[in-house]
Amino acid sequence: MSGYNIKEVKARQVFDSRANPTVEVDVILECGAMGRGTVPSGASTGIYEALELRDGDEKRFGGKGVSKAIGNIERVLAPAIVGMDATNQAAIDDKMIALDGTPGKSNLGANAILGCSMAVAWAAANAAKQPLFRYLGGCNARTLPVPMVQIIGGGAHAVGSVDIQDYLVVPMSAGSFAEGYEMVVDVYNATKKVFAKAGKPLSTADEGGFWPTGFKSNEEGLALITEGIALAGYKPGEDVAIALDIASSEFYQKDKGTYTFHLEDREFTREGFVDLLCSWVDKYPIISIEDGASELDWEGSVLLTQKLGKRIQLIGDDLFTTSIPRVKEGVERGACNAVLIKMNQIGTITETLDAIEYTKTVGYLPVVSARSGETEDCSIVHLSIGTNAGQLKVGSVARSERTVKWNEAIRMEQLLGAQGIYPSGAIFDRVKR
Ligand code: PGA
Ligand code: ZN
């Protein structure tokens, strides 16, 4: 399309919410429109994720510099995509994938490729004077996501605290995104009071949730949040439910095939750990569990799915890493019923859109997600609306790298007006079969 050809690609090193360097790319089109992508970064990274290229020079940023990734954009990717039509996202992404030439983008770096891919999408949307979600999804892209919001952060996001990574809440009875968000904000503030009453000091973990200081067990967080939901005036389970990201790959003992709660000095067999999670689902208003078994333990995920797969949502994050072949294997084995979608696990917008499409086709629920290291980029909000994914997980309601996403969803709900669709807690009925 005339004027949509890429004129210039500018890459730079900026910083994320954990003070680590990351890649940012601007793409400028011949018509003057500009798009920007700023790449996020995980801490509890799955072993099957595409490669995040870091410099490895310990003298600068502890090896986390991204000058090699930026060099790859300047020397290889930019010259190849300049002149291409920005509305042909798939052709641009295919070209970058081919230039890299490896399955895990380990040559040029998934961070280098994704920065370009995101910037191209934004540039095309801006040139078309459309919100990104509409550009990505067309005229029927209008489903606001049900928010999955962190209240307590542990694991790799609050090192030395509890073993479980995320204790989250999900509004079930809200009629709109804005109403659902208000409910989880109420729960966040009420849980703050519950912490104060229990004499627990308040500080924030990497994604803005409360840092669990002085916890004696992993279960304690479940009781505190259930109390927070009630204190906020909501019915636990009916109005607001709990979601957990166990991120169990982080405490799986590969050699023994066991799961260890370091906080409690307790070791579980696969069956023992599945039983523990089942007992929590019986006792607390839990609607979703992510990575209840390790990325290396298919049998654990299958066992958990046999026990809970018709009662609650079971998400694979490290297990699937937004990769279609891994989701396919999960479907064949009967593991999980939902897929966490993270753009930088796979490395291009096109492959992310394909993964969401595939997830829906096999009857699993896609849950679009941020990373623990984030920036002011709000592309994932548009990705969730643009694909009618139905759920979005962004960390907590505190810290600007989180609110920039939630606030964008509020704006897009207003923009969609009466045409916006909000699935509410009914979305989970799709997996309760
Ligand atoms: P990460 O955490 O970005 O550190 O991987 C998020 C998650 O596990 O869902
Ligand atoms: Zn996760």
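Residues numbered from 1 in each chain as written. Chains lettered and ligands numbered in written order. Predicted model: local features only at pLDDT ≥ 70, side-chain atom pairs only at ≥ 80, totals over all residues. Heavy atoms only, no water.

Student: Looking at this model, I keep getting lost on the coordination of the zinc ion (ligand 2). Mind explaining?
Tutor: Think of it this way: four donors in a tetrahedron around the metal ideally sit 109.5 degrees apart, and six in an octahedron ideally sit 90 or 180 degrees apart. The protein atoms that coordinate the zinc ion (ligand 2) are D245 (OD), E290 (OE) and D317 (OD), at distances spanning 2.0 to 2.2 Å. All donors of the zinc ion (ligand 2) come from a single chain, and their spacing in sequence reads D-x44-E-x26-D. Placement of E290 in strand β10 (residues 286-290) and of D317 in the loop between β11 (313-316) and α9 (324-333) is noted, with a sequence separation of 27 residues between them. Judged by its relative accessible area of 1%, E290 falls in the buried class. (Donors = N, O, S within 2.8 Å, 3.2 Å for Na, K, Ca; no water. Helix = DSSP H or I, 4+ residues; strand = E, 2+ residues; numbered from the N terminus. Buried < 20%, exposed > 50% of the residue type's maximum accessible area, 1.4 Å probe, protein only.)

Student: Is there a simple way to think about the environment of I286 in this case?
Tutor: Mapping I286 onto the fold places it in strand β10. Note: C-alpha distance between I286 and Q13 (273 residues apart in sequence) is 40 Å. Residues in contact with I286, not counting those within four places in the same chain, are L222, I242, L244, W280, V281 and I312. (Contact = heavy atoms within 4.5 Å.)

Student: Whenever I open this one, the sheet that holds strand β2 (residues 21-29) confuses me. Can you help?
Tutor: Two strands in a sheet stick together by hydrogen bonds in their backbones, pointing the same way (parallel) or opposite ways (antiparallel). Strand order across the open sheet formed by 3 strands is β1-β2-β3, with antiparallel pairing between neighbours. The open sheet has two free edges, formed respectively by β1 (6-15) and β3 (34-38), since each of these has just one partner strand. Averaged over neighbouring strand pairs, the angle between their axes works out to 15° when direction is ignored. Where β1 meets β2, 9 bridges bridge the pair, whose relative direction is antiparallel. In the sheet register, I6 faces β2, and the bridge partner there is L29. (Pairing = 2+ DSSP bridges. Axes fitted to C-alpha atoms, helices over the stretch in contact; angles between N-to-C directions.)

Student: What exactly am I supposed to notice about the packing of aromatic side chains here?
Tutor: Given two aromatic rings, one states the distance between the centres and the angle between the planes to describe the pair. This structure, assessed with the given rule, holds 17 aromatic pairs. Centre to centre, the rings of Y181 and W406 are 5.6 Å apart; their planes meet at 40°, and the pair counts as tilted. In this pair, Y181 is assigned in helix α5 (residues 177-197) and W406 in helix α13 (residues 400-416), connecting sequence segments 225 residues apart. Residues Y181 and W406 agree in their burial class; the two are buried. Where Y259 meets F273, the ring centres are 4.8 Å apart and the plane angle is 10°; that geometry is what we call stacked. (Phe/Tyr/Trp six-rings, centres within 6.5 Å; stacked < 30°, edge-to-face > 60°.)

Student: Is there a simple way to think about the pairing of β3 in this case?
Tutor: Pairing of β2 with β3 involves 5 bridges; the strand directions are antiparallel. Bridge pairing in β3 links E24 to T38. Where β2 hands over to β3, the hairpin turn is made up of 4 residues, of which G32 adopts a positive phi near 100°.

Student: What is the right way to read α9 from this model?
Tutor: The periodicity of an α-helix, 3.6 residues per turn, causes residues three or four positions apart to be oriented the same way. Among the residues making up α9, those that are buried are R326, V327 and G330. All buried residues of α9 fall inside an arc of 100° around its axis, so they share one side. For α9, the exposed residues set more than 90 degrees away from the buried face come down to P325 and E332. Looking at the packing, one finds that the buried side of α9 touches α8 (298-308), β12 (338-341) and α11 (349-361). (Arc of directions from axis to C-beta.)

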